[in-house]
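# Examination of the molecular architecture
The chain contents come next:
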Amino acid sequence: MKKMITLIGATIGGFVGVLVLHGPTQSTTLTSASTNKTSGSAKPLTAPTASPRPKKSTVSNSTISTPSPVNGSAVGKPVNYGYGQMAVKVVVANNKITDVTVSSLTTLESYSAQLEQQVVPVLKSEVLQANGTHILLLTGATYTSEAYATSLQSALNKLHFK
Amino acid sequence: MGTVFDLFADESDLGIEAINAAFEHACNELHELDDRFSTYKPHSELSRFRCGEIDSPSALLDEVIELSSRACGMSRGYFDPWAMPGGFDPTGLVKGWAIDRVAKIFRSFGITIGAVNGGGDIAVINPVGQKVGVQHPLDRVAMCGVVWVESAIATSGLYERGNHLRNPFGGDVAAISATVVGAELVFCDVMATALAVGGKEVLYLLEQVNDTEGFFIDGHGSMYKTSGMSFCDP
């Protein structure tokens, strides 16, 4: 498959809200487009981090451009998500979010212990390393968006990406 | 729906503006569906329906009720939105259905190569299909297999959100991870949930459904799969 445009599309529960408010400049197409809508229609933003600073549209953000484009990657702070902690890594190239991944995820000791009781140490199922393959898509159990959004915002803050 | 959606489209396929328009449309659709079907929003149509405040459901809610009924039958009650605490709760079906709808939007905008990934449930848009890795339930940076997907794949498991699954028949949940590949994501999603809950019994059901395959990994790390379930090289 050729190069894919990866965008974090929508997330229910306020992730979009977060991206919108502090988020990408003009080139991060989808997100800013939908976010304009979100703030324009005055929908309630559920993410706690989103509500305190309502901003105008992201378009105005891009016109008042910052002196130098933001580049780099950062890992957000680990955030509790109910069964443990997750941290999100974001990559920004030329003021555009190019990748967002979950960089670490730990489960609570109590929950891990609970899992271990169910699981015999040696898996008969195969363990394949994802690194170095050309797999773009991964199917897996659903994680929730709130911790994801919070950690993502902290990663963006580390890059001074407004 | 409480999760994160990733949208993919091949940029050589269409202009960036058409892709942006499709993505914007997709986001609007997801927000609208979330507003309508969230059980966390007290004024959503679904919440009001659950409280008995809705006499005539919208066409969309009607469709979800109808799909829920089919899914309940297909899974022989292992997926049963009417058996949930607090009344009718089709949440396990709405996400897959919403992703199917977004994939339709993509196609209507002319996207021929792309994907919609909603919290690990994926609709693939590609004339020849595409590889999808299945996350390992015990090692999140590893995979337990790679599957060639022509249309849809869903995974249900206990490892990200803890024990949120429930066996309507009162027994234990059979699997720590269950994956189903098929034509429509809505039914893959439902059957993956059913497979995680029911294990071998649901695997036998899947065996009888054409063009739908699946596998699960139990608490001992053993993998069980339908006879037609095949894996490809990473």
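Residues numbered from 1 in each chain as written. Chains lettered and ligands numbered in written order. Predicted model: local features only at pLDDT ≥ 70, side-chain atom pairs only at ≥ 80, totals over all residues. Heavy atoms only, no water.

### Section: the pairing of strand β8 (residues 213-218) of chain B
Residue and element names in this part refer to chain B. Where burial is concerned, most of β8 is hidden: five out of the six residues are buried. Sheet topology note: the strand β7 (residues 175-182)/β8 ladder contains six bridges and is antiparallel. From the neighbouring strand, T179 faces β8, where its bridge partner is F215. As judged from the three bridges shared by β8 and strand β9 (residues 223-225), these two strands associate in the antiparallel manner. Bridge pairing in β9 links F215 to K225. (Buried < 20%, exposed > 50% of the residue type's maximum accessible area, 1.4 Å probe, protein only. Helix = DSSP H or I, 4+ residues; strand = E, 2+ residues; numbered from the N terminus. Pairing = 2+ DSSP bridges.)

### Structural notes on the pattern of salt bridges
Residues and elements named next belong to chain B. For the coordinates displayed, the defined rule picks out six salt bridges over all chains. Of the charged contacts in the structure, one is a salt bridge between D34 and K41, with a shortest N-O distance of 3.1 Å. Residues D35 and K41 are paired through a salt bridge, measuring 2.8 Å at the closest nitrogen-oxygen approach. On the accessibility criterion, K41 (27% relative accessible area) is partly exposed. (Salt bridge = Lys/Arg side-chain N within 4 Å of Asp/Glu carboxyl O.)

### Some remarks on helix α4 (residues 91-108) of chain B
All names here are of chain B. The terminal C-alpha atoms of α4 lie 26 Å apart, and with 18 residues this matches the ideal 26 Å at 1.5 Å per residue to within 8%. Of all the positions in α4, only L93, V94, K95, G96, W97, A98, I99, D100, V102, A103, I105 and F106 are classed as buried. For α4, the secondary structure elements touched by its buried residues are β1 (4-10), α1 (16-37), α3 (59-74), β2 (114-118), β3 (121-125) and α5 (185-198). (Expected span 1.5 Å × (residues − 1). Contact = heavy atoms within 4.5 Å.)

### Quick look at the packing of aromatic side chains
All names here are of chain B. Overall, the coordinates contain six aromatic pairs over all chains when judged by the stated rule. Ring geometry for F23 and F106: centres 5.4 Å apart, planes at 20°, overall stacked. Highlighted residues: F23 in helix α1 and F106 in helix α4, separated in sequence by 83 residues. Residue class for F23 comes out buried when judged on its relative accessible area of 0%. (Phe/Tyr/Trp six-rings, centres within 6.5 Å; stacked < 30°, edge-to-face > 60°.)

### A few points about the confidence of the model for chain A
All names here are of chain A. Taken over all residues, the pLDDT of chain A has a mean of 53, while the share at 70 or more is 27%. Within chain A, the lowest mean pLDDT, 30, falls on helix α2 (residues 29-40), and the highest, 85, falls on strand β2 (residues 72-75). Note that residues 1-66 has pLDDT below 50 and, in this model, 148 contacts with residues that lie over four places away or in other chains. In the predicted structure, residues 111-124 sits below a pLDDT of 50 and forms 24 contacts with residues beyond four places in sequence or in another chain. (pLDDT = per-residue confidence, 0-100.)

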